[in-house]
Every structure is written in C-alpha cells, then in structure tokens.
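Residues per chain, in single letters:
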Amino acid sequence: MSTTLPVPLLVYAQHQSVLDLEPARDVRATLPVANSTKSFWFTDPDVTPLPTEGSEGPLTDDADICIIGSGITGASAAYHLARSLSDGKIANALGRPVKAVILEAREFCATGRNGGHLVSHTFFDFLKCQTEHGKEEALRSYNIEEYVVKEVTKLLEENSKGDDVDLVAGGRLILFFSKEELLEAKSDFLAAKEIGLDLSGIQWFTKEETQAKYGASYPSVLTPGFSLWPLKLVGVLFSLANKIGSGSSSSSPTFSATLHTRTPVTSILPIPQSSDINAVFPRRHNLNTPRGNISCSYIVHATNGYASHLLPHLTGSNGIIPTRGQIIATRAKVGLDILTRTGGTGNEGLEYWFPRPVKQPDEKYPLVILGGGREVKPQFQFYEIDDSIIDKEVGKALRAFLPAVFPGRFEPGNEPEIEWTGIMGFTRSGDPFVGPVVDHNNSSNNTAYEGQYVSAGYTGHGMPRAYACAEVVSQMIVADIKKEKWEPPEWFPRVYLMTNANRKEYAKV
Ligand SMILES: Cc1cc2nc3c(=O)[nH]c(=O)nc-3n(C[C@H](O)[C@H](O)[C@H](O)COP(=O)(O)OP(=O)(O)OC[C@H]3O[C@@H](n4cnc5c(N)ncnc54)[C@H](O)[C@@H]3O)c2cc1C
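The structure reproduced in this document is the subject of the present report. (Residues numbered from 1 in each chain as written. Predicted model: local features only at pLDDT ≥ 70, side-chain atom pairs only at ≥ 80, totals over all residues. Heavy atoms only, no water.)

### Considering the sheet that holds strand β2 (residues 98-103)
Then, in step 1: Ordered in space as β8-β2-β1-β12-β19-β18, the six strands form an open sheet in which the pairing is mixed. If you trace the sheet from one side to the other, it starts and ends with β8 (255-260) and β18 (433-436), each paired once. Across the sheet, the mean angle separating the axes of adjacent strands is 15 degrees when strand polarity is ignored.
Then, in step 2: Taken together, the six bridges between β2 and β8 define a ladder with parallel strand orientation. Bridge assignment links lysine 99 to a residue of β8, and that residue is serine 256.
Then, in step 3: Lying on the sheet, helix α2 (residues 72-84) is in contact with β1 (65-68), β2, β8, β12 (298-301) and β19 (452-456); it crosses β1 at an angle near 155 degrees. (Pairing = 2+ DSSP bridges. Helix = DSSP H or I, 4+ residues; strand = E, 2+ residues; numbered from the N terminus. Axes fitted to C-alpha atoms, helices over the stretch in contact; angles between N-to-C directions. Contact = heavy atoms within 4.5 Å.)

And the structure:
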C-alpha cells in the first residue's frame, strides 16, 4: 500500500487520547468570530433565506421558544416544532400561533461551512459501540442515521427540492490506506451483519478493482450515501417550518419562526416566576443580545461547537470541544465520466471528498470538495474556535492529498479555487448531548436550566444525526407544553441523552 500520502496514517487512537486530555488553559467557547472565511456554499447569491435576514430593524422582544443557532439543528428544530404543533391545539389555547425566534450570531447557517456529505456511518464502529453500550444501542446508532438519510431525502423529493440542493446519490467509497483499517472494517461488517443489519447495498473492492473503477490503488468498500449543498438544505428546512406553520386555506396559522441573524446571544438570565404564572407559557428566560433582550419560555441550544459559551459546564474534555475543520474546493483534471459521482473518505474518516455536479456552461471538469488534514497538527485542531484562520500546514496536506491518492486525475501543485474553515463540536464519546440541559456536577444550577434544551456535539458527523436529534428535542418541548410524558423513538440512542449518567463524559478519568 502507498506510503507517499501527505497525512500520517493510523492516528485515530492518538486523536482520541488528545481528545480525552483535560486542557491546561481556559477553553470555554467564545462567540463565533465575526470575520469568518467564506465557504463555497455562500458563493450563490440566490440562497434563501438571505444570509443577513432579520439583522436590521426592530428585534422581536418576546417569543414562546427561542432557538439559538441557525445551522441544521436550529432549522430542524423549527421544522419539527411546526409539524408537532400543526394540529392547532396549542395555537387554539393561546388564541395565536406559537412563536419561535431563531437567533443567529453571524449570517444564516454555519452548517453552510461543511463538507456537504449526507451519509450514514453504516456498519463502521459497530463493534466499539456494541462493546461500550450493548447490542440495542449499537442498532440505534445505526438506525438513527438511516432514519435521517431516508427522511431528509424523502422530504427533499416530496417538496421537489432535490435539484435545488444538488442532491446526488453517488455513494461513498471508503479507501483503506492500511491493512489495519481494512481488517477492522471487515470485523465491524461481520458483527453488524450477524445482528441482522441490512447491508445489502455494500460492495467490497480489491486494490485492483478500486484502481480500475475509481483510479485509486487501495482496497475499498462502497456504501450508499449522498452529497448536497448543505446551506440550501438548511434553508429548505427553515422555509418549510414557516410553510407548515402558516396553515392552509381551511386552517389558521399554528406556528411561526422568525429569524434574526447577526444577533448573538451573549447571556441568559432567569425571569423569576411572576404574574403570568397561569399563562399557557410562563416566561422563564431573558436572552441578552447586543440588539436588545428577548423573553421566552423554552430555549433550544443549537450552537454545536460554541455551546459552552452559554452553557459553561460544557467547557473542557467532558463537554463539547470546538474543533476547526478545513476544506478546499479544487478542480479535477478529468471529467465526471472518469471521476464518477461517488464521494469518498479515507484515513479513518479524517479526509472526505466529493465531486460537485458540473453545472456552469464554461465548466469542463468538476470542482471537488475535500476536507480534512487535521491530523498533521499534534492537537488535531481541538479547542480552535477561530474560523477566520486558514492553517497553512493543513492546507498543504489538503493540496497534496487528491493528486497522491488519484494519480493523473488531479494536477499536483494546482491551487484550490476556494478554501475555508468551520467549527465542529466534538465530544469524547463521539455522541451528541441531546435533551434537557443538566449540570451533573452542580445540581443547584438545574433550576435555572428548566425549559432549556440542547442538541449539540455531533463530532464532525452532524448531517445524518442533527435532524433527528432536533426532532427529539422538539418532541420533548411539545410534550412538556401539553403536559404529556415524552417517550423516546425506538431509533434514538439513549446514550445521547444529556441526562444519561452512563455517558463516557460522566465517568471518572
Ligand atoms: C469543515 C467542516 C466539514 C464538515 N463536513 C461534514 C460533512 O461532510 N458531513 C457531516 O455529516 N458533517 C460535517 N461537518 C459537521 C456538521 O457541519 C455539523 O455537525 C453540523 O453543522 C452541526 O449543525 P448545528 O446546527 O448543530 O451547528 P452549526 O452548523 O455549527 O450551527 C451552529 C450555529 O450557532 C450559531 N451560534 C453559536 N453560538 C451562538 C450564540 N451565542 N448566539 C447566536 N448564535 C450562535 C453559529 O453561528 C452557527 O450558525 C463538518 C463540519 C465542518 C466545520
């Protein structure tokens, strides 16, 4: 197998040990920096909503539900709230639609800084998950991702939005740069198969077969998967939330979601229970922003890597670790007929790429979106929260990666057309924190957290999880409003719950 790759191999154990370390310095997240690099996904001027929607004029000062963050989690939360409230029962009790406000520190949607893969993990890490959490949880970890990919693609098709978001069912080719990776993947595959997972779409290729089909001399496995324009997907979810909430010709509006971009939430203060105690929604929280304050009853923290700014107990290695990812968009030197429409990943998932559809009349060869390269840095870019910075060493590795893996298909030394960074939210366990906000170490804080929910910490793998985690949080809020008991959907891994004391983050290290 090749030894000339520009990234170190088999570093995942080291990656985990750095992730497990408690940092010596103060690493509480700052607010998102104002002057971030510009991602490819923001180069289309016609995206909706406008990146700066609701950034000027009066700020809404009162809402039933405040969603902090306008990425895929925030927009999915609005979408699921709209669906759950569409029976109109709460709107009837209130005599008006339920009001949600989405507050975004910068322009609409940091998910619009990512790599554009919507791919389930399939059988990967199945054995690890089964050993740590048992068979049922391993199955749920698989099922939630299958659920999201199915639901999101269905939603796009039903609303005729697949072409608008450049949805491509090209699959994902996983290249094995080392024997160890291949053996581990085969063990995961066999364990998952034995338990009865449907792995019928999976195809294994030898080094020679991969070379003949895809131009890379490594053994590989092809799994189902999609690529898309992430910013546009999130825009679709946001607009559907308002469409569903506005009702139909025969029904009244039940829900509205107002977006205020360039409105960072700087702090949250409790409102003492007072005069409106008998209201359907007593106001409990006051959100402070540079543009004014907003009172509300429920909060959804959809801030991912930035979560510890407003939830300080999520600071450090037992919380959500901001982690900078870097991406280049580089031109291939062959067409899609040779390159294929298949996306890929390699080096234990640390590099990931896919070819964009060729759409412009003057475009001969596709632009390929490639992310990764963090492993050339000893600290893997953990606790880096400034996405105005492009790391030179990471950039060098990214520039050299595709020409090394696919000789003849990319021009060595070719400069990318655009390069950017974005902030992910890692957790030690790899599992997001979902559900009511709790502080396990200082329970006296928990009264102030009543009515506050979180869904964050997807560890660089949010596209196939955030939609469903936001659904769970929305269900919890609606159940609380209706004074009903919330029951987890079968596909939801219980270990994701922030209240679950069995999480790795709560174990003594
Ligand atoms: C470079 C990169 C590549 C990636 N590639 C992929 C990929 O290909 N596939 C995949 O599955 N996942 C990928 N991810 C991960 C994926 O993008 C995330 O998991 C996903 O965006 C999480 O969505 P979110 O809405 O929870 O958080 P985000 O998308 O990060 O959105 C959080 C939002 O909250 C806002 N915010 C934060 N604090 C505040 C505050 N105090 N007040 C107001 N607003 C605030 C932020 O500005 C931001 O818009 C990648 C991430 C990065 C950075």
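And the narrative resumes.
### A closer look at unusual backbone geometry
In terms of backbone geometry, most residues other than glycine have negative phi values and most peptide bonds are trans.
Then, in step 1: Residue proline 49 is bonded to the preceding threonine 48 through a cis peptide linkage, with omega at -5 degrees.
Then, in step 2: As for its position among the elements, proline 49 is in the loop between α1 (12-20) and β1.
Then, in step 3: In this structure, threonine 340 is a non-glycine residue whose phi angle is positive, near 70 degrees.
Then, in step 4: On the secondary structure map, threonine 340 appears in the loop between α9 (336-339) and β14 (343-346).

### Observations concerning the packing of aromatic side chains
Then, in step 1: By the definition in use, this model includes 25 aromatic pairs.
Then, in step 2: Arranged with centres 6.3 Å apart and planes meeting at 55 degrees, the rings of phenylalanine 406 and phenylalanine 410 form a pair that is tilted. The burial state of phenylalanine 406 is the same as that of phenylalanine 410; both residues are buried.
Then, in step 3: Put simply, the rings of Phe177, Tyr218, Trp353, Phe401, Phe406 and Phe410 touch in pairs and so form one group of aromatic residues.
Then, in step 4: In this structure, lysine 186 packs its charged tip against the face of tryptophan 204, placed 4.9 Å from the ring centre.
Then, in step 5: The positively charged end of lysine 232 is found above the aromatic ring belonging to tryptophan 229, 3.9 Å away from the centroid. (Phe/Tyr/Trp six-rings, centres within 6.5 Å; stacked < 30°, edge-to-face > 60°. Buried < 20%, exposed > 50% of the residue type's maximum accessible area, 1.4 Å probe, protein only. Lys NZ or Arg CZ within 6 Å of the ring centre and 35° of its normal.)

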